[in-house]
Amino acid sequence: SLHSVFTVLFIYFTSVSTAQTTDCLHLREQCINDANGCKSVWNVVEDVCNISVLGNRCKAEDAIGCNRIIHVLADEYPEFKNCVCTTDDLCSITTLLGKQCSLDKENISMETKLQWSLSALSKQAYTANRTCLDVNKECVEDEVCNKQLSLYLKVCSVNKKCNMGECQAAIRFFYQNMPFEVAQMMTFCDCIQPDESCHRARELLHGKPCAVTAVPPPSCLNIIHVCEENELCRKKYKTFRSKCWRHVTKKCYDDEACLETLIKGDMPCSANADCKAAYISNWGTMLRVECTCQNLLPTEQPLCKLFHHMLHSKSCFS
């Protein structure tokens, strides 16, 4: 009968959604036990979604932020892609975090208000000569920007023992959440020399020391090598190279003469919006970690200097 068909379908769909939740729970377990950096992103998910360790319950007060960080997780670790939905903010949270997550539906309706608030900051035309202190103050005075900033500072705080992986995941989330104009203001802000508070503001915005300072500093060759081994970093590096440094091809890496001409000549760099976006997207990856060319063999110097110039010279944007 028609009734029994519906019953069968209902049981089927219920079991599918239960199976999916179980799969997502299993993926969470794998992620938490993974040495590949997934746990770092998961810890940021726990922070944003307000998951308490006790009873593994979650009170996602900031449902929009919680939904976004889940999407960031799925972008970086595609095995989670069946645990996110494109429909609404509540769906991904329930699918990934299970039924134990209580959600404040009131907050969902605030989304438009919040986006408007951020856009107030991004409506200010981007000007290159903003000091980091100005940009920092404006972010703190903007309700949404401040909320994002305080989460990222909480994870990267110097007071607690710094976990570079977690801090990098938080800074990736922070910059991905900003409208392009705001991210640009923060990335390219600078200080007029002796201003101490401005330098502090710049360090805060740029993840220092936790996300970018390794002791001892690695060689720039090592940075590229480590980046190439990591899927997320490799993807970002490829985009960065193709958008900003089209003339620096893989072929050139092994060709001393080609390298020499690139380094001596004015390395052509396309400082367009795509290039800026690719540069901003490097935040929170190995590519932003400060590197050095000291203590390398003379034969390795040219390639190392090339990488240092590509990764850390702002000449492209000045």
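Computed from a predicted structure; not experimentally measured. The written sequence of each chain sets the order in which its residues are numbered from 1. The predicted nature of this model means local features are confined to residues of pLDDT at least 70 and side-chain atom pairs, given and counted, to a pLDDT of 80 or more, with totals for whole chains, interfaces and linings taken over all residues. In computing side-chain properties, one takes all heavy atoms of the structure into account and sets aside hydrogens as well as water.

Attention shifts here to the overall build of the protein. Helix and strand assignments come from DSSP, with helices taken as H or I runs of at least 4 residues and strands as E runs of at least 2, each series counted from the N terminus. Per the secondary structure count, the protein includes 17 helices and 2 strands. Partly exposed describes any residue whose relative accessible area lies between the buried limit of under 20% and the exposed limit of over 50%, with all areas from a 1.4 Å probe on protein chains only and scaled to the type maximum. Across the 318 residues that make up the protein, the buried fraction comes to 45%. Entry remark: accessible area of the protein is about 16,900 Å², with carbon and sulfur atoms responsible for 57%. To measure how exposed things are, a 1.4 Å probe is used in the Shrake-Rupley method; for residues, cover is taken only from the protein chains shown.

Here the focus is the packing of aromatic side chains. One pair of aromatic rings is described through two measures. These are the centre distance and the angle between the planes. Stacked, edge-to-face and tilted labels apply to pairs of Phe, Tyr and Trp rings (six-membered ring for Trp) whose centres lie within 6.5 Å, assigned for plane angles under 30 degrees, over 60, and everything in between, in that order. Taken as a whole, this structure holds 5 aromatic pairs when the rule is applied. Measuring from centroid to centroid gives 5.2 Å for F174 and Y175, while their planes differ by 80°, and the two rings are edge-to-face. Note on accessibility: F174 and Y175 belong to one class, buried. Between the aromatic rings of F240 and Y279, the centroid separation amounts to 6.2 Å while the plane-to-plane angle is 45°, which identifies the pairing as tilted. With F240 in helix 13 (residues 231–244) and Y279 in helix 16 (residues 273–281), this pair connects stretches of sequence that are 39 residues apart. Given a relative accessible area of 1%, F240 falls into the buried group.

Throughout this description, the term nonpolar core refers to a set of buried Ala, Val, Leu, Ile, Met, Phe, Trp, Tyr and Cys residues connected via side-chain atoms within 4.5 Å. Counting residues in each nonpolar core, the largest one holds 55 residues, and the members touching the most others are L73, F80, L96, Y175 and M186. In what follows, a contact means two residues having at least one pair of non-hydrogen atoms within 4.5 Å. Excluding residues within four positions of it along the chain, Y175 makes contact with A183, M186, T187, L205, H206, I280 and W283. Residues C275, L287, V289 and C291 belong to the second largest nonpolar core, which totals 32 residues.

Here a cavity denotes grid points, spaced 1 Å and computed from the protein atoms alone, that fit a 1.4 Å probe unable to get out, and a pocket denotes an open set having protein on both sides within 12 Å along at least 5 of 7 lines; residues with an atom within 4 Å of a point are the lining. Grid points are joined across faces, edges and corners, and a volume is the space filled by probe spheres set on the points. There is about 350 Å³ of room inside the second largest pocket. Along the walls of the second largest pocket sit 14 residues, with R202, H206, K208, R288 and E290 positioned nearest its centre. At the level of elements, helix 11 (196–205) and helix 17 (301–312) are the ones that each hand at least two residues to the lining of the second largest pocket. Looking at the lining of the second largest pocket element by element, the count peaks at 3 residues for helix 11. The residue makeup of the lining of the second largest pocket, split by class, is 4 nonpolar, 3 polar and 7 charged. Residue type decides the class: Asp, Glu, Lys and Arg count as charged, Ala, Val, Leu, Ile, Met, Phe, Trp, Tyr, Cys and Pro as nonpolar, and the leftover types, Gly among them, as polar.

Evaluated as defined, the whole model comprises 1 cavity of 30 Å³ or more. Looking at the largest cavity, its volume works out to about 40 Å³. Along the walls of the largest cavity sit D75, E76, P78, E231, L232 and K235, which together make up its complete lining. Ranked by the residues each element gives to the lining of the largest cavity, the list is headed by helix 13, at 3 residues. Across the lining of the largest cavity, the residue classes tally to 2 nonpolar, no polar and 4 charged.

Our next topic: the environment of L303. Its location among the elements puts L303 in helix 17. By relative accessible area, L303 is classed as buried at 18%. Measuring from C-alpha to C-alpha, the distance between L303 and L259 comes to 6.7 Å, with 44 residues separating the pair along the chain. The residues touching L303, leaving out its near neighbours within four places in the chain, are L221, Y253 and L259.

In this section: the packing of helix 10 (residues 180–187) against helix 16. For the pair helix 10 and helix 16, interaxial distance at closest approach is 10 Å and the crossing angle is 70°. With respect to each other, helix 10 and helix 16 are oriented roughly perpendicular. Handedness of the helix 10/helix 16 crossing: left-handed. For the pair helix 10 and helix 16, contact is made by F180, A183, Q184 and T187 and by A273, K276, A277, Y279 and I280, respectively. Across the contact of helix 10 with helix 16, the residue classes break down as 6 nonpolar, 2 polar and 1 charged. All axes are obtained by fitting lines to C-alpha atoms, using only the stretch in contact for helices, and the reported angles, taken between N-to-C directions, cover 0 to 180 degrees. If an angle is under 35 degrees, it is roughly parallel; if it is over 145, roughly antiparallel; if it lies from 65 to 115, roughly perpendicular; otherwise it is oblique. By definition, any crossing whose near helix is turned counterclockwise from its far helix by less than a right angle is left-handed, and any crossing with a clockwise turn is right-handed.

Moving on: the environment of V48. With respect to the helices and strands, V48 occurs in helix 2 (residues 38–49). When the C-alpha positions of V48 and I69 are compared, they lie 7.4 Å apart, and in sequence the two are 21 residues distant.

Another aspect to go through is the state of the cysteines. Throughout, disulfides are identified as pairs of cysteine sulfur atoms within 2.5 Å of each other. The final tally for this structure, using the stated rule, is 11 disulfides. Each sulfur in the disulfide pair C191 and C198 lies 2.2 Å from the other. Linking C191 and C198, the disulfide has an S-S dihedral of approximately -85° and is accordingly described as left-handed. You can call C198 buried: its relative accessible area is 1%.

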